[in-house]
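So you can see what is in the structure, the chains are spelled out below.
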Amino acid sequence: MTTEFRADPPTAADERTLLQGFLDFHRGTLLWKVSGLTGEQLVQRAVDPSSMSLIGLVRHLSEVEKYWFHRALAGHDSPPKHWTAEHPDGDFDLADPTQAEQDVEDFRALVKTSDALAAGYSLDDTFIRPGHDGPYSVRYLYIHMIEEYARHNGHADLLRERVDGSTGE
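Summarised in this report is the structure supplied together with it. For clarity, every value in this text was computed on a predicted model and none was experimentally measured. For every chain, the first residue of the written sequence is number 1, and numbering continues from 1 along that sequence. For this predicted model, a pLDDT threshold of at least 70 governs which residues receive local features, and a threshold of 80 or more governs which side-chain atom pairs are given and counted, while totals over whole chains, interfaces and linings are taken from all residues. For the side-chain quantities, the full set of heavy atoms in the structure was used; hydrogens and water were omitted.

**Notes on the nonpolar core**
One finds Leu30, Leu54, Ile55, Trp68, Phe107, Met145 and Tyr149 to be the most contacted residues of the largest nonpolar core, which totals 40 residues. Looking at this core, the elements with two or more residues in it are α1 (15-34), α3 (54-73), α5 (100-118) and α6 (138-164). Any two residues whose heavy atoms approach within 4.5 Å are treated as being in contact. Sequence-distant contacts of tryptophan 68, defined by excluding residues within four places in its chain, comprise Leu73, Phe127, Arg129, Tyr136, Tyr140, Leu141, His144 and Met145. Only buried Ala, Val, Leu, Ile, Met, Phe, Trp, Tyr and Cys residues count toward a nonpolar core, and they belong to the same one when joined by side-chain atoms within 4.5 Å. Each residue's exposure class comes from its accessible area (1.4 Å probe, protein chains only) as a fraction of the maximum for that residue type: buried when under 20%, exposed when over 50%, partly exposed otherwise. Helix and strand labels come from DSSP, where a helix needs a run of H or I of at least four residues and a strand needs a run of E of at least two; each type is numbered from the N terminus.

**A short note on unusual backbone geometry**
Cis peptide bonds are those with omega within 30 degrees of zero, and the linkage from aspartate 48 to proline 49 qualifies with 5 degrees. Put simply, glycine 134 and proline 135 share a cis peptide bond, and its omega is 5 degrees.

**Here we look at the packing of aromatic side chains**
In this scheme Phe, Tyr and Trp rings, the latter by its six-membered ring, pair at centre separations within 6.5 Å, and the angle between planes marks the pair as stacked below 30 degrees, edge-to-face above 60, and tilted otherwise. With the rule as written, the count across this model stands at eight aromatic pairs. Taken together, the ring pairs in this structure connect Tyr67, Trp68, Phe127, Tyr136 and Tyr140 into an aromatic cluster. Sitting over a ring, as applied to charges here, requires NZ of Lys or CZ of Arg to be within 6 Å of the ring centre and within 35 degrees of the ring normal. Looking at lysine 33, its charged tip hangs above the ring of tryptophan 32, at a distance of 4.5 Å from the centre.

**A closer look at the packing of α1 against α3**
Each axis is a line fitted through C-alpha atoms, and for a helix only the stretch in contact is used; angles between axes span 0 to 180 degrees, taken between their N-to-C directions. With their axes 9 Å apart at the nearest point, α1 and α3 run at an angle of 155 degrees to one another. The pairing of α1 with α3 is recorded here as roughly antiparallel in orientation. Viewed along their axes, α1 and α3 form a crossing whose handedness is left-handed. Taking contact as the criterion, the partners of Leu23, Arg27, Leu30, Lys33 and Val34 in α1 are, on α3, Leu54, Leu57, Val58, Leu61, Glu65 and Phe69. Amino acid classes used here: Ala, Val, Leu, Ile, Met, Phe, Trp, Tyr, Cys and Pro are nonpolar; Asp, Glu, Lys and Arg are charged; the rest, including Gly, are polar. Each residue belonging to the contact of α1 with α3 can be placed in one class, and the counts come to eight nonpolar, no polar and three charged. Any angle that falls under 35 degrees is termed roughly parallel, while one over 145 is termed roughly antiparallel, one within 65 to 115 roughly perpendicular, and all others oblique. The hand of a helix crossing depends on one turn: near helix anticlockwise from the far one by less than a right angle means left-handed, and clockwise means right-handed.

**Considering the pattern of salt bridges**
The term salt bridge refers to a pairing of a side-chain nitrogen on Lys or Arg with a carboxyl oxygen on Asp or Glu at a separation within 4 Å. Counting across every chain of the model gives 13 salt bridges. The salt bridge partner of arginine 59 is aspartate 103, with a shortest N-O separation of 3.4 Å. On the criterion of sequence distance, the pair formed by arginine 59 in helix α3 and aspartate 103 in helix α5 is long-range, its members being 44 residues apart. There is no split in this pair, since arginine 59 and aspartate 103 are both buried. Arginine 151 is the partner of glutamate 147 in a salt bridge, and the nearest nitrogen-oxygen pair spans 3.0 Å. Residue glutamate 147 and its partner arginine 151 are located together in helix α6, separated by four residues, close to a single helical turn. Using a relative accessible area of 36% as the deciding quantity, one classes glutamate 147 as partly exposed. Take arginine 151: its relative accessible area is 38%, and that puts it in the partly exposed class.

Have a look at this one:
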């Protein structure tokens, strides 16, 4: 595995640049962990009894991007693609190896749109999450997303090692 998907975050910069740098680093880490695998490998549930898979993590984090940036921050009507009342874990449970490449491309597109949306706000701007008391700051949003990715990238490390033995940071 190579790290062509990510760049180290800056070590000295303004707050917004640091937060974006760490978020981009973690997004790139996820893409690194899913690179070079077949659809069958990406949907492999490598740690029984969990339904978690590498592509499931991509699909889950796509939904998280959509919820926080598109729905909560920007107020867009952007319903979940993989989560439904019938399948609340559809991001993991309904992963299809023939759709894995498209799932990764969908993730990349959502990230680009998320960044474009966030660029229109200052870190001190606030928003109300659907169904929650608020307010939440854009600063909170960045910190939460970094935490979300960091946690799931730990899962991705273990899953990737179980799938093909690859390890890395």
